[in-house]
Amino acid sequence: MSHERPEIADTVEQWAQARLAALAAEAGEVAAQFYLRAARERAQRPRDEWGRLGVRVRPLRTARAAPGAFAIEWFTRRWVNRTGSRSQTFTNYIRRGTGDRYPRSALASVAQPWELEIADALEQRFAAIRRTARSVSRLRTAFRQHAKLERALAEGRGQCGPSGTTA
């Protein structure tokens, strides 16, 4: 194996992590827009119209998650006041389904109409971010698989020559 391949692998990995970090930051900015717009709406509405919808961008920390992976998730909050203690907040995540975008119907079943309008508009941006992040992850995985193939060919069956044939 030539000495450039580990450098290329490091470069691809660094690029993927940097790109995913930038996408997560962008998603965080979009989420912040939701909360700013929601706060303005709540200020103009009676308490019973405030809504319970929220959005969160969080890193994925599962064993299978690649470094830099993140999720953009909509949820609802429910507050429970306990006598003699502080109130508690319970969070229920909304299922996105299989696409890059939450279906409007999934949000409509739990959101105030004004929340739905804000969330639906921002979901277009979130869907593009999710699609781009998935593409970055697929590219990184494809590169790792290719590098593994190159190593196997170099170690097991002879090195791969310039034309793709074994030497």
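Residues numbered from 1 in each chain as written. Predicted model: local features only at pLDDT ≥ 70, side-chain atom pairs only at ≥ 80, totals over all residues. Heavy atoms only, no water.

Undergrad: Help me understand the packing of aromatic side chains, please; the structure alone is not making it clear to me.
TA: Per the stated rule, a full pass over the model turns up four aromatic pairs. With centroids separated by 5.1 Å and ring planes inclined at 85°, the aromatic side chains of Phe 34 and Trp 74 adopt a geometry described as edge-to-face. With a gap of 40 residues between them, Phe 34 in helix α1 (residues 4-43) and Trp 74 in strand β2 (residues 70-80) connect regions that are remote in the sequence. Taking the relative accessible area as the measure of exposure, Phe 34 reaches 0% and is therefore buried. Given a relative accessible area of 0%, Trp 74 falls into the buried group. (Phe/Tyr/Trp six-rings, centres within 6.5 Å; stacked < 30°, edge-to-face > 60°. Helix = DSSP H or I, 4+ residues; strand = E, 2+ residues; numbered from the N terminus. Buried < 20%, exposed > 50% of the residue type's maximum accessible area, 1.4 Å probe, protein only.)

Undergrad: Would you explain the sheet that holds β2 in this entry?
TA: Each strand in a sheet pairs with its neighbour through backbone hydrogen bonds, running either in the same direction (parallel) or in the opposite one (antiparallel). Ordered by their spatial adjacency, three strands build an open sheet running β1-β2-β3, and the pairing between neighbours is antiparallel. On the outer flanks of this sheet lie β1 (53-59) and β3 (88-93), each paired with one strand and no other. Neighbour-to-neighbour, the strand axes of the sheet open up by a mean angle of 45°, direction not taken into account. Taken together, the seven bridges between β1 and β2 define a ladder with antiparallel strand orientation. By the bridge assignment, Gly 54 is partnered in β2 with Phe 75. Those strands touched by helix α3 (residues 113-156) are β1 and β2, and its axis lies near 150° from that of β2. (Pairing = 2+ DSSP bridges. Axes fitted to C-alpha atoms, helices over the stretch in contact; angles between N-to-C directions. Contact = heavy atoms within 4.5 Å.)

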